[in-house]
Amino acid sequence: MFRFLDSILGWFSMDMGIDLGTCNTLVCVRGEGIVLNEPSVVAVRKGTNIVLNNGEAVGIMAKEMLGKTPGSITAIRPLKDGVISDFEITEAMLSYFIRKVHGRGGWRIRPRVVIAVPSGITAVERRAVIDSAERAGARRVYLVDEPMAAGIGAGLPITEPTASMIIDIGGGTTEVAIMSLADISTCESIRIGGDDMDEAIINHLKRTYNLLIGEPRAEQVKIQLGSAAPLEQELTMEIAGRDTISGLPRKIVITSEEIREALKEPISGIIEAVTRTLEKAEPELAADLIENGMHLAGGGCLLRGMDTVLANATGLKVVRADEPLTCVARGTSVYLENLEIWKDTMDHSGYGWS
Ligand code: ADP
Ligand code: MG
């Protein structure tokens with residue numbers, strides 16, 4: 001009876017799917033697609049947990065504020081390493097995003113929310129995410145593992161009795177998972193991702209040229225010039241920074257070859273996680289992968305040649321998902337469409353009447 005009522009309510013509530021990423025948070029609404037895509041950043045007063053602008057300095061606004069008022073303000077990425085470093089700030093962020101999406105269009109019934117979380121987070125962290133979303137106004141909260149959502153978003157047959165493999169390279173973490181029959185069979189989550197590539201670029205420029213650059217600029221170098229495998233046409237780029245010896249601004253020209261060399265360490269970390277996961281796979285599922293290959297998702301897989309180096313290291317076919325940055329969010333929206341079928345298999349907030 002209550003199940004039936006809940007389904008009816010479902011028609012009137014603005015149910016949401018959330019990809020709570022280490023770099024970016026995306027929210028999609030049933031029937032509407034992705035309605036929010038903002039950095040997972042919160043601006044707080046230095047040394048406190050007080051979110052600026054009455055709790056509104058989150059996402060794009062937090063990033064904008066930072067450029068303008070340095071000093072007393074710190075940017076926090078509460079999920080930076082795929083674990084929740086600060087529960088209060090994570091809650092403030094989640095709550096802001098849910099309210100921002102739900103606030104559109106006036107009064108509504110409280111939504112059901114499907115949240116994709118890194119598979120490495122602990123039971124306590126999972127509970128904290130559920131509680132935060134409830135406090136932010138969710139009627140019910142369902143958690144799904146990020147690789148499952150990524151697999152669905154990439155259009156893989158994860159419910160079938162055959163192996164699907166996903167490598168989701170995010171900002172703070174990379175998740176490698178082999179799935180079959182709607183379950184994760186083998187997985188590994190490592191704390192290496194796009195952020196570590198940015199850091200490797202910063203360190204290279206500091207060591208080789210005594211040139212100091214910030215994270216945003218390092219990310220720009222990675223996107224414009226970065227690669228994992230040799231390019232048909234190698235590239236160069238001019239980059240400005242501060243000389244660590246004279247303290248003055250300086251410009252240099254860098255090449256794609258040297259950036260590739262600098263990126264070797266984080267990239268081999270990712271390759272090792274992939275080969276380790278393959279070694280642990282059930283033999284039957286490993287055999288399926290010869291046919292099915294592996295699929296790449298997450299922003300980090302956009303690095304040029306990432307597919308090539310993974311194919312070379314494993315001998316498997318590698319396919320980059322369409323729109324890898326939105327894969328997980330699109331996966332959560334498929335969960336939303338099928339909530340009646342899936343909900344009992346997901347970690348969720350228990351109501352007495354479910
Ligand atoms: P998360 O799920 O952890 O929030 P995302 O899947 O949103 O992470 O990916 C963000 C990462 O992808 C960042 O490190 C970003 O620099 C990187 N990224 C985005 N576009 C590109 C690109 N074209 N080439 C290389 N890296 C990219
Ligand atoms: Mg992600």
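Here the structure is a predicted model, which is why all the values come from computation and not from measurement.

Chemist: Please set out helix α8 (residues 215–225) residue by residue, giving values where relevant.
Modeler: Residues of α8 that are buried: A218, V221, K222 and L225. The buried residues of α8 occupy an angular sector of 105 degrees when the element is viewed end-on, so they sit on one face. Opposite the buried face of α8, by more than 90 degrees, sit the exposed residues P216 and I223. Elements that come into contact with the buried residues of α8 comprise α7 (194–209), β12 (236–243), β13 (249–255) and α9 (256–280).

Chemist: Account for the site of ligand 1, naming residues and giving values.
Modeler: Surrounding ligand 1, one finds 17 residues, the nearest of these being T22, C23, N24, E219 and K222. A distance of 2.9 Å is found between an oxygen atom of ligand 1 and a backbone nitrogen or oxygen belonging to G171. Within the side chain of E219, one N or O atom sits 2.5 Å away from an oxygen atom of ligand 1. For ligand 1, the accessible surface in isolation is 580 Å², of which the surrounding protein chains cover 90%. Every element with two or more residues in the shell around ligand 1 is listed here: α7 and α8. No other element matches the 3 residues that α8 contributes to the shell around ligand 1. Tallied by class, the residues present in the shell around ligand 1 amount to 5 nonpolar, 9 polar and 3 charged.

Chemist: Go over the side chain of H204 with me, naming the residues and quoting the values.
Modeler: You can see H204 is positioned in helix α7. Within polar-contact distance, the side chain of H204 engages the side chain of E258 at 2.7 Å. Excluding residues within four positions of it along the chain, H204 makes contact with Y209, E258, I259 and A262.

What counts, and where the lines are drawn
- Residues numbered from 1 in each chain as written.
- Chains lettered and ligands numbered in written order.
- Predicted model: local features only at pLDDT ≥ 70, side-chain atom pairs only at ≥ 80, totals over all residues.
- Heavy atoms only, no water.
- Buried < 20%, exposed > 50% of the residue type's maximum accessible area, 1.4 Å probe, protein only.
- Helix = DSSP H or I, 4+ residues; strand = E, 2+ residues; numbered from the N terminus.
- Arc of directions from axis to C-beta.
- Contact = heavy atoms within 4.5 Å.
- Near = heavy atom within 4 Å.
- Polar contact = N/O pair within 3.5 Å; in protein donor to acceptor, adjacent residues only side chain to side chain.
- Areas by Shrake-Rupley, 256 points an atom, 1.4 Å probe, with all protein chains shown as cover.
- Nonpolar A, V, L, I, M, F, W, Y, C, P; charged D, E, K, R; others polar.

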